[in-house]
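Observations on chain architecture
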Amino acid sequence: MSGEEEENAAELKIPDEFLKAKCLMNCEVALILEHKYEQLQQMSEDPMNQMSQVFEKSLQYVKRFSRYKNPDAVRQVREILSRYQLAEFELSVLGNLCPETVEEALAMVPSIKTRGRAHDDDAIEKMLNDLSLIKKFE
């Protein structure tokens, strides 16, 4: 993206370093932080001594706002969303916010329809249905 273009996430006009960056959903961050917390527990009798307040608050936040708790479900969500050739940013937003309708998905991530990909309403509806099935059976 050239320096003269204005950034616009709705059209996925964001700097290249962000387009290429790996974005994580809250549920993925929760798994990582929980693993780190377990390591801290094993290393110390009082893991709270080694855990910073930022770490603790971050863990609480991602646990609270994670839509998927089961590690298998988290993996399935990423796999399903990856099939649709979404940008990492789009994948993370959809995985975090879990829209229920095509209209909600397009309101949250308008770029899924505007980037020239073949995502018609039926394809978006199928993607959302696949995600809702994971949530239902989690």
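Anything mentioned here points back to the structure above.
A brief report on the enclosed structure follows. (Residues numbered from 1 in each chain as written. Predicted model: local features only at pLDDT ≥ 70, side-chain atom pairs only at ≥ 80, totals over all residues. Heavy atoms only, no water.)

**Quick word on the overall build of the chain**
Note the threshold: Strands are runs of DSSP state E lasting at least two residues, helices are runs of H or I lasting at least four, and both sets are numbered from the N terminus onward. Type-normalised accessible area, obtained with a 1.4 Å probe on protein chains alone, sets the label of each residue: buried when under 20%, exposed when over 50%, and partly exposed for intermediate values. Should any heavy atoms of two residues lie within 4.5 Å, those residues are counted as being in contact. For every accessible area listed, the method is Shrake-Rupley and the probe measures 1.4 Å; residues are considered covered only by the protein chains on display.
In terms of regular secondary structure, the chain is built from nine helices and zero strands. Each helix and strand of the chain, placed in order from N terminus to C terminus, yields the pattern α-α-α-α-α-α-α-α-α. Within the chain, the fraction of its 138 residues that count as buried is 36%. A separation of at least 24 residues holds for 60% of the contacts in the chain among residues at least 6 apart in sequence. Summing over all exposed atoms, the chain offers an accessible surface of approximately 8,900 Å²; the carbon and sulfur share of this is 51%.

**Describing helix α9 (residues 121-137)**
Our working rule: By definition here, a helix of n residues has an expected span of 1.5 Å times n minus one. Note that the arc is defined by the directions from the helix axis to the C-beta atoms.
For α9, built from 17 residues, the straight-helix expectation of 24 Å at 1.5 Å per residue is met to within 8% by its first-to-last C-alpha distance of 24 Å. Looking only at α9, the buried set comprises Ala123, Ile124, Met127, Leu128, Asp130, Leu131 and Ile134. Each buried residue of α9 sits inside an arc of 155° when the element is viewed along its axis, so together they form one side. Turned more than 90 degrees away from the buried face of α9, the exposed residues are Asp122, Lys136 and Phe137. Structurally, α9 contributes buried residues whose contacts are with α5 (71-82), α6 (88-97), α7 (102-108) and α8 (111-114).

**What about the nonpolar core?**
Rules: Residues belong to a common nonpolar core when they are buried Ala, Val, Leu, Ile, Met, Phe, Trp, Tyr or Cys residues joined through side-chain atoms within 4.5 Å.
The biggest cluster of nonpolar side chains holds 22 residues, and the ones touching the most others in it are Tyr68, Leu81, Leu86 and Leu94. Where this core is concerned, the elements lending two or more residues are α5, α6, α7 and α9. The contacts of leucine 81, once residues within four sequence positions are left out, are Leu86, Leu91, Leu94, Gly95, Met127 and Leu131. Core analysis: the second largest hydrophobic core is formed by seven residues, Leu33, Leu40, Met51 and Leu59 among them.

**Considering the side chain of glutamate 88**
As a reminder, the rule being used: Here a polar contact is recorded for every N or O atom pair within 3.5 Å, except that within protein the pair must consist of a potential hydrogen donor and a potential acceptor, and residues adjacent in sequence are included only if both atoms are side-chain atoms.
Relative to the helices and strands, glutamate 88 is located in helix α6. Within the structure, the side chain of glutamate 88 is placed 3.2 Å from the backbone nitrogen of cysteine 23, a separation counted as a polar contact. Glutamate 88 has contacts with Ala21, Lys22, Cys23 and Arg78, leaving out every residue within four places of it along the chain.

**Here we look at the packing of α5 against α9**
In a pair of packed helices, the angle between the axes and the distance between the axes together describe the arrangement. Rule in force here: Here, axes are lines fitted to C-alpha atoms. For helices the fit covers the stretch in contact, and angles between N-to-C directions go from 0 to 180 degrees. Note that the term roughly parallel is reserved for angles under 35 degrees, roughly antiparallel for angles over 145, roughly perpendicular for angles of 65 to 115, and oblique for everything else. When residues are sorted by character, Ala, Val, Leu, Ile, Met, Phe, Trp, Tyr, Cys and Pro go into the nonpolar class, Asp, Glu, Lys and Arg into the charged class, and all the rest, Gly among them, into the polar class.
It is the contact of α5 with α9, at a shortest axis distance of 10 Å, that shows an interaxial angle of 175°. Classed by the angle they form, the pair α5 and α9 counts as roughly antiparallel. The residues of α9 that touch α5, namely those facing Ala73, Gln76, Val77, Ile80 and Leu81, are Met127, Asp130, Leu131 and Ile134. Of the residues in the contact of α5 with α9, the class split is seven nonpolar, one polar and one charged.

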